[in-house]
Amino acid sequence: MRIYIIIPAHNEANIIGRTLQSLAEQSLRPAKIMVVDDNSTDATSEIVEGFAEKYDFIDLVQNKSSAEHAPGSKVINAFYQGFYQLDDDFDIICKFDADLIFPENYLQRIVEIFESEPGVGMAGGFCSVQRKDKWIPENLTGKDHIRGALKAYSKHCFIQIGELKPAMGWDTADELLARFHGWKVVTDENLLVKHLRPTGMNYFEHSGRKQGEAFYRLRYGVALSMIASAKLAALKMNPFAFLHYLSGFFNARKKKRPFLVSEEEGRFIRKLRWDAIKNKFL
């Protein structure tokens, strides 16, 4: 299977070299890695260019974007700046973050998952964070969810779900839409990637409100949004986050922000979420 990887990066000079080195040393090398330098002001581009000179499957794209903090939209817009530079001769397309160290067998294992059974549309491992001298799973999501940092799609699934949504919540919408179209989302909890900048190190109230807005735009409804907000705030160990999520939800509803999914997709998503909640108590 031919694997293409796109890595949006903004001011990652201190980290991205370790990410690229871990991908260059994979037991199964990717066919292409496209790094999108999204308006960095540090030496990110220079470091990537150094890798591009050494490895012919690594390329750099410069992207000029605003300095505005726009969770979700900036990273997806940068992703597509890289995607549009690629041909369509791939079997798997990946969106990876620039602050990760991958185990040597990561891509090989991802291919094995896709080849293991028909209908697998998305696959991924899990992020781990360092606690003293140990790396432990970063427990922020359920075991059936692939983090936005580690997305891998089969070509046909990627095409069928349509373009990734340039908004907070894109990395939930893609999985829900994949399942809506009948694809399987498979995770491997033994496949751990080192996350050098743990999620939540910099929690912004703005990001919390954007997350709440995402719940609305995914058509969760009030009850599901409250449950999702409470769960996420607990995982982040930030009680104020719960209020920020709900504030974002109700503000989006008041402003009638456009939905990310259709009514039919929304009904499917709500049923999927409620079924998952019920199954936990059975």
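Our structure's up above, just so we're on the same page.
All figures in this text were calculated on a predicted structure; none of them were measured in a lab.

Peer 1: Which parts of the structure should I look at to understand helix H9 (residues 239-255)?
Peer 2: For the α-helix, the turn length of 3.6 residues means that residues three or four positions removed from each other point alike. Between its terminal C-alpha atoms H9 stretches 25 Å, which fits the 24 Å expected from 17 residues at 1.5 Å a residue. Contact partners of the buried residues in H9: helix H7 (205-217) and helix H8 (221-236). If you check the start of H9, you find a side-chain oxygen 3.1 Å away from the backbone N of Phe240, and it comes from Asn238. Once H9 ends, the next one or two residues include Lys256, with phi positive near 55 degrees.

Peer 1: How should I be thinking about the pairing of strand S3 (residues 58-63) in this particular structure?
Peer 2: The side chains of a regular strand alternate, first on one face of the sheet and then on the other. Examined bridge by bridge, strand S2 (residues 32-38) and S3 share six bridges and lie parallel to one another. Each residue of the ladder has a partner; that of Asp37, found in S3, is Gln62. Traced from S2 through helix H2 (residues 44-54) to S3, the parallel crossover comes out right-handed.

Peer 1: Quick question: what am I supposed to make of the pattern of salt bridges here?
Peer 2: Side-chain pairing between opposite charges can occur once the charged atoms of the two side chains come close. Counted according to the given criterion, the structure contains 17 salt bridges. Its salt-bridge partner being Glu175, residue Lys151 comes within 2.9 Å of it at the nearest N-O pair. Note that Lys151 is positioned in strand S8 (residues 150-154) and Glu175 in helix H6 (residues 170-180), a separation of 24 residues in sequence. Using a relative accessible area of 0% as the deciding quantity, one classes Lys151 as buried. Across the pair Asp275 and Lys271 runs a salt bridge, and its minimum N-O distance is 2.8 Å. On the criterion of helical spacing, the pair formed by Asp275 and Lys271 is a turn pair, its members being four residues apart in helix H10 (residues 263-280).

Peer 1: Teacher, can you tell me more about the side chain of Asn63 here?
Peer 2: Position of Asn63 relative to the elements: it lies in strand S3. On the accessibility criterion, Asn63 (12% relative accessible area) is buried. Engagement of the side chain of Asn63 in a polar contact is seen with the side chain of Asp38, the distance being 2.8 Å. Ignoring anything within four residues of it in the chain, the contact list for Asn63 reads Val36, Asp37, Asp38, Asn39, Ala78 and Gln81.

Peer 1: What's the story with the packing of helix H1 (residues 16-24) against H2 in this structure? I'm lost.
Peer 2: Between two packed helices, the angle of one axis relative to the other and the distance separating the axes together describe the packing. Contact pair H1 / H2: the axes reach a minimum separation of 10 Å and the direction vectors enclose 20 degrees. On the basis of the axis angle, H1 is roughly parallel to H2. With respect to the hand of their crossing, H1 and H2 are arranged in right-handed fashion. Across the interface between the two elements, Ile16, Gly17, Leu20 and Gln21 from H1 touch Thr44, Ile47, Val48 and Phe51 from H2. Its residues assigned to classes, the contact of H1 with H2 comprises five nonpolar, three polar and no charged.

Peer 1: Would you mind going over the pairing of strand S9 (residues 184-195) with me for this structure?
Peer 2: Summarising the sheet, strand S5 (residues 100-101) and S9 pair through two bridges and their orientation is antiparallel. Across the sheet, residue Leu100 finds its bridge partner in S9, namely His195. Bridge analysis of strand S6 (residues 120-131) against S9 gives seven bridges, and the strand direction is parallel. By the bridge assignment, Val120 is partnered in S9 with Lys184.

Peer 1: Got a minute to help me understand the environment of Pro118 in this structure?
Peer 2: Residue placement: Pro118 occurs in the loop between helix H4 (106-116) and S6. When its relative accessible area of 69% is taken as the criterion, Pro118 is described as exposed. For Pro118 and Trp183, which are 65 residues apart along the polypeptide, the C-alpha to C-alpha distance reads 9.1 Å.

Peer 1: Whenever I open this one, the packing of aromatic side chains confuses me. Can you help?
Peer 2: Describing an aromatic ring pair means giving the distance of the ring centres and the angle of the ring planes. With the rule as written, the count across this model stands at 21 aromatic pairs. Aromatic pair Tyr4 and Phe90: ring centres 5.5 Å apart, planes at 45 degrees, arrangement tilted. Taken together, the residues Tyr4 in strand S1 (residues 3-9) and Phe90 in the loop between helix H3 (73-83) and strand S4 (92-96) connect sequence positions 86 residues apart. Like Tyr4, the residue Phe90 is buried in the burial classification. Ring centres of Tyr80 and Phe83 lie 5.8 Å apart, and the angle between their planes is 85 degrees; this geometry places the pair in the edge-to-face category. One end of the pair is Tyr80 and the other is Phe83, both in helix H3 and three residues apart, which spans about a single turn. Residue class for Tyr80 comes out buried when judged on its relative accessible area of 6%. One aromatic cluster in this structure is built from Tyr4, Phe79, Tyr80, Phe83, Tyr84, Phe90, Tyr153 and Phe158. The cationic tip of Lys155 hangs over the ring face of Phe90; the distance from NZ or CZ to the ring centre is 5.3 Å. Cation over ring: Arg219 sits above Phe259, and NZ or CZ is 3.8 Å from the ring centre.

Rules used in this analysis
Residues numbered from 1 in each chain as written. Predicted model: local features only at pLDDT ≥ 70, side-chain atom pairs only at ≥ 80, totals over all residues. Heavy atoms only, no water. Helix = DSSP H or I, 4+ residues; strand = E, 2+ residues; numbered from the N terminus. Expected span 1.5 Å × (residues − 1). Contact = heavy atoms within 4.5 Å. Polar contact = N/O pair within 3.5 Å; in protein donor to acceptor, adjacent residues only side chain to side chain. Pairing = 2+ DSSP bridges. Right-handed = clockwise from strand over helix to strand, strands pointing away. Salt bridge = Lys/Arg side-chain N within 4 Å of Asp/Glu carboxyl O. Buried < 20%, exposed > 50% of the residue type's maximum accessible area, 1.4 Å probe, protein only. Axes fitted to C-alpha atoms, helices over the stretch in contact; angles between N-to-C directions. Parallel < 35°, antiparallel > 145°, perpendicular 65-115°, else oblique. Left-handed = near helix turned anticlockwise from the far one by under 90°. Nonpolar A, V, L, I, M, F, W, Y, C, P; charged D, E, K, R; others polar. Phe/Tyr/Trp six-rings, centres within 6.5 Å; stacked < 30°, edge-to-face > 60°. Lys NZ or Arg CZ within 6 Å of the ring centre and 35° of its normal.

Honestly, that's just the spatial picture; any functional story needs more than this.
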